[in-house]
Protein chains: 2
Amino acid sequence: MITKEAIEAAHERIKVYIDHTPVMTSEAINALVGANVFFKCENLQKAGAFKARGAMNAVLVLSNEARAKGVATHSSGNHAQAIARSAKIMGIKSYIVMPHTAPEIKKRGVISFGGEIFECEPTLESRETTLQEVVKKTGASVIHPFNDYEVITGQATVAKEFFEDIPSLEVIIPPVGGGGLLSGTALSTKYFSPATSVFAGEPEGADDAYRSLKSGIIEPSQSNSIADGLLTTVGDKTFPIIRDHVKGVITVSDQEIINAMRILWENLKVIVEPSGAVPFAAVLKAKDTFRNKKVGVILSGGNVDLSRAFKLFGL
Amino acid sequence: MITKEAIEAAHERIKVYIDHTPVMTSEAINALVGANVFFKCENLQKAGAFKARGAMNAVLVLSNEARAKGVATHSSGNHAQAIARSAKIMGIKSYIVMPHTAPEIKKRGVISFGGEIFECEPTLESRETTLQEVVKKTGASVIHPFNDYEVITGQATVAKEFFEDIPSLEVIIPPVGGGGLLSGTALSTKYFSPATSVFAGEPEGADDAYRSLKSGIIEPSQSNSIADGLLTTVGDKTFPIIRDHVKGVITVSDQEIINAMRILWENLKVIVEPSGAVPFAAVLKAKDTFRNKKVGVILSGGNVDLSRAFKLFGL
């Protein structure tokens, strides 16, 4: 079990390598929602997402011997860049397995941090086989994007900071994909702000967390949403934490995500990617649940091509 | 003359009504510029621009009697919204004279803060006549967008905060339009960080400050740039301060402004309006001047229609 002390230690460990991101508010958004909404801007985090925290923690806790051989992962998203950045900071190699179909911008992000890309087919099987080959060849340590206790502990520092800056939040709501951020948020809430309720926003087209929470066991789901960071299924390390500590998962359609994203861009003047707008879309959808409450929304990432955003907005 | 104590008092006075905006950095931008660049995010300020500071200070220093009659200004830009917001906070009326050609989004901004709009022709003469009529009818106090010592003192708090958060900046660079932010920045630099050099960025198509600084007297100029917040000419209160304390004005083309704006959106994940990207465009243009220096760039505002921004980006 991840302890309070483990989260505090992780925060101390990663502090100098990450940003203490700002919390923003908007009078117009408060009026629109009918609640007092605070936004934790992890879209402004190093490498553009909260993933910088878990990756940094996981790399820092490796033994010197293990670390010297480098780190590896398979990811086509923000975790890939976060791992490459953490490796660069530590002066070690990073090996990133990515489907050859991954967007150029994601590849460039990894390369800009000195990561070495290994292309594979866009199937889970090909990803895992390729990753095993890389590990066999290099001896690198694999850092899973979410189903890893050190990664979860790192992601837990988002909520810890949030509670430090804005005490007595009545609700905290991150998005859920594989559940690293959500399980970390749930644990930090339990330890640092136990009166706060934890909800999560999830795309309708990848609603495994919603259905798993209902049935009590991990349920598979399709993966069909513009929120490309949330298409994965909760893992056997993240789900039990979610099951025990999360009050509810609210699912939203792609159009609701786009609307929420545009409101955030226009009112907060920050760039939020589709996945990052999911919890705010959930707050807009379930206004009655949050009315007059002090609500903490985690904007998890800001990595979206402007041309893609432009198309989503229909401009 | 505006004293150090006056700036400190203004900062105390307005503190609870404005945001202490974050300072952001980007490893990619540092590599691109070859310098250590810090961005003061006034685009994330209340009402989307630094103008909230000067407007709030000017409204707060009015006598109770004067304030009760309301405040008035002519502006089609960020100052209009800032005045309307300050008036709303104080529970008084605001009267905003705007050309009937002003964009709908700017009008909506003023109305959302309860401001009353008086439409005029898009000429300086019509603006001033209309403003005089409004004042005659209402007895409201006029708050000029920049040529006002209380406004300048309020804008000076941007640089004061910046120096508090990032000590020993070697350069500070805001944009210049009418010169309220630039003269305030120059004074705060003199008092709080005298070793720092003050530069400014200005659009080529509205280069009155550049030419005035060269000749030593206020020079008129055309007003032709996408940086719609910087089309005004420096005033008789702002220019003497600029002349005495500013090291140089760097002019940039519209294309350079658009390029800078896009780099900021993509790397900092924040929305900056064309005027707000002008100083960074100047830093990119005059890289040699800033090489290896600790440079403080003021991102002055974030109020731009997404559809307009996407058109500027050619998307």
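Everything here concerns the structure above.
Predicted, not measured: the structure shown is a model, and the values here were computed from it.

Conventions used here
Residues numbered from 1 in each chain as written. Chains lettered and ligands numbered in written order. Predicted model: local features only at pLDDT ≥ 70, side-chain atom pairs only at ≥ 80, totals over all residues. Heavy atoms only, no water. Helix = DSSP H or I, 4+ residues; strand = E, 2+ residues; numbered from the N terminus. Buried < 20%, exposed > 50% of the residue type's maximum accessible area, 1.4 Å probe, protein only. Contact = heavy atoms within 4.5 Å. Salt bridge = Lys/Arg side-chain N within 4 Å of Asp/Glu carboxyl O. Pairing = 2+ DSSP bridges. Axes fitted to C-alpha atoms, helices over the stretch in contact; angles between N-to-C directions. Least-squares fit on C-alpha atoms with pLDDT ≥ 70 in both. Parallel < 35°, antiparallel > 145°, perpendicular 65-115°, else oblique. Left-handed = near helix turned anticlockwise from the far one by under 90°. Nonpolar A, V, L, I, M, F, W, Y, C, P; charged D, E, K, R; others polar. Buried area = accessible area lost by both parts, 1.4 Å probe. Lys, Arg positive; Asp, Glu negative; His and termini not counted. Polar contact = N/O pair within 3.5 Å; in protein donor to acceptor, adjacent residues only side chain to side chain.

### Some points on unusual backbone geometry
Not every positive phi belongs to a glycine, and A:Ser168 is a case in point at roughly 60°. Checked against the element boundaries, A:Ser168 lands in the loop between helix 8 (149-165) and strand 7 (171-173). On the basis of relative accessibility, which here comes to 52%, the residue A:Ser168 falls in the exposed class. With a phi close to 60°, B:Ala47 is a non-glycine residue in the positive phi region.

### Comments concerning the side chain of B:His11
Residues and elements named next belong to chain B. Within the secondary structure layout, histidine 11 lies in helix 1 (residues 4-14). Overall, the relative accessible area of 1% leaves histidine 11 in the buried class. Setting aside anything within four residues of it in sequence, one finds histidine 11 in contact with Arg53, Thr157, Lys160, Glu161 and Glu164.

### Points about the pattern of salt bridges
Counted according to the given criterion, the structure contains 30 salt bridges over all chains. Measuring nitrogen to oxygen at the nearest pair gives 3.3 Å for the salt bridge that ties A:Lys285 to A:Glu204. Within this pair, whereas A:Lys285 is found in helix 13 (residues 274-285), its partner A:Glu204 is found in the loop between strand 8 (197-203) and helix 10 (208-215), the two being separated by 81 residues in sequence. The salt bridge partner of B:Asp228 is B:Arg308, with a shortest N-O separation of 3.7 Å. Residue B:Asp228 is located in the loop between helix 10 (208-215) and helix 11 (238-245), and its partner B:Arg308 is located in helix 15 (residues 306-312); the two are separated by 80 residues in the primary sequence. A relative accessible area of 37% places B:Asp228 in the partly exposed class. Residues joined by salt bridges that share partners form a network here, namely A:Lys40, A:Glu42, A:Arg53 and A:Glu161.

### A short note on the sheet that holds strand 5 (residues 116-120) of chain A
Residue and element names in this part refer to chain A. Read across the open sheet, the four strands follow the order 5-4-3-6; overall the sheet is parallel. Each of the sheet's edge strands pairs with one partner strand only, and the pair in question is strand 5 and strand 6 (141-142). In this sheet, strand 5 lies alongside strand 4 (residues 94-99) in parallel orientation, the contact comprising five bridges. Within strand 5, the position partnered with proline 99 by the bridge is cysteine 120. Of the strands in this sheet, strand 3 (71-74), strand 4, strand 5 and strand 6 touch helix 7 (residues 124-138), which is tilted by about 170° from strand 3.

### Focus on the relation of the copies chain B and chain A
Of the transformation placing chain B onto chain A, the axial shift is 0.0 Å and the rotation is 180°, giving an RMSD of 0.0 Å. Look at the turn and shift together and you get a two-fold axis relating the two. Of every C-alpha in chain B, the one belonging to B:Val270 sits nearest the axis of rotation, 2.1 Å from it. A shared binding surface is used by both copies, with 100% of the interface residues of chain B retained as interface residues in chain A.

### Concerning the packing of helix 8 (residues 149-165) of chain B against helix 9 (residues 180-192) of chain B
For any two helices packed against each other, one specifies the inter-axial angle together with the distance between the axes. Residues and elements named next belong to chain B. In contact at an axis separation of 7 Å, helix 8 and helix 9 are set at 50° when each is read in the N-to-C sense. Between helix 8 and helix 9, the interaxial angle falls into the category oblique. Handedness of the crossing formed by helix 8 with helix 9: right-handed. Within the contact between the two elements, helix 8 uses Ile152, Gln155, Ala156, Val158, Ala159, Lys160 and Phe163 and helix 9 uses Gly180, Leu181, Ser183, Gly184, Thr185, Leu187, Ser188, Thr189 and Phe192. Here the residues of the contact of helix 8 with helix 9 sort into eight nonpolar, seven polar and one charged.

### Remarks on the sheet that holds strand 9 (residues 248-252) of chain A
All names here are of chain A. Taken in spatial order, the six strands line up as 1-2-10-7-8-9 in an open sheet, and their pairing is mixed. Either end of the sheet is taken by a strand with one partner, and the two such strands are strand 1 (23-24) and strand 9. Note that strand 2 (residues 36-41) and strand 10 (residues 294-299) share six bridges and pair parallel. Following the sheet pairing, phenylalanine 38 is matched in strand 10 by glycine 296. Sheet strands touched by helix 9 (residues 180-192): strand 7, strand 8 and strand 10. Its angle to strand 8, the strand with the most contacts, is close to 170°.

### So, the interface of chain B and chain A
With 24 residues of chain B in contact, the opposing surface of chain A contributes 24 residues. Both faces combined, the contact of chain B with chain A buries some 1900 Å², and carbon together with sulfur accounts for 66% of it. It is B:Lys269, B:Leu306 and B:Phe310 in chain B that bury the most area against chain A; as a group they hold 32% of the surface buried on that side. The interface formed by chain B and chain A includes two salt bridges.

### Here we look at the environment of B:Pro122
Residues and elements named next belong to chain B. Structurally, the position occupied by proline 122 is in the loop between strand 5 (116-120) and helix 7 (124-138). Assessed through its relative accessible area of 48%, proline 122 is described here as partly exposed. Separated by 116 residues in sequence, proline 122 and threonine 238 place their C-alpha atoms 24 Å apart. Look past the residues within four positions of proline 122 in its chain and what remains in contact with it is Pro99, His100 and Thr101.

### Concerning the side chain of B:Lys269
Its place among the elements puts B:Lys269 in the loop between helix 12 (254-268) and helix 13 (274-285). Here B:Lys269 occupies a buried position and makes no salt bridge, while the nearest side chain of opposite charge, A:Glu273, is found at 7.2 Å. A polar contact is formed between the side chain of B:Lys269 and the backbone oxygen of B:Glu266, at a distance of 3.1 Å. In this structure, B:Lys269 is in contact with A:Asn43, A:Leu44, A:Gly48, A:Val270, A:Ile271, A:Gly302, A:Asn303 and B:Leu264, ignoring residues within four places of it in sequence.

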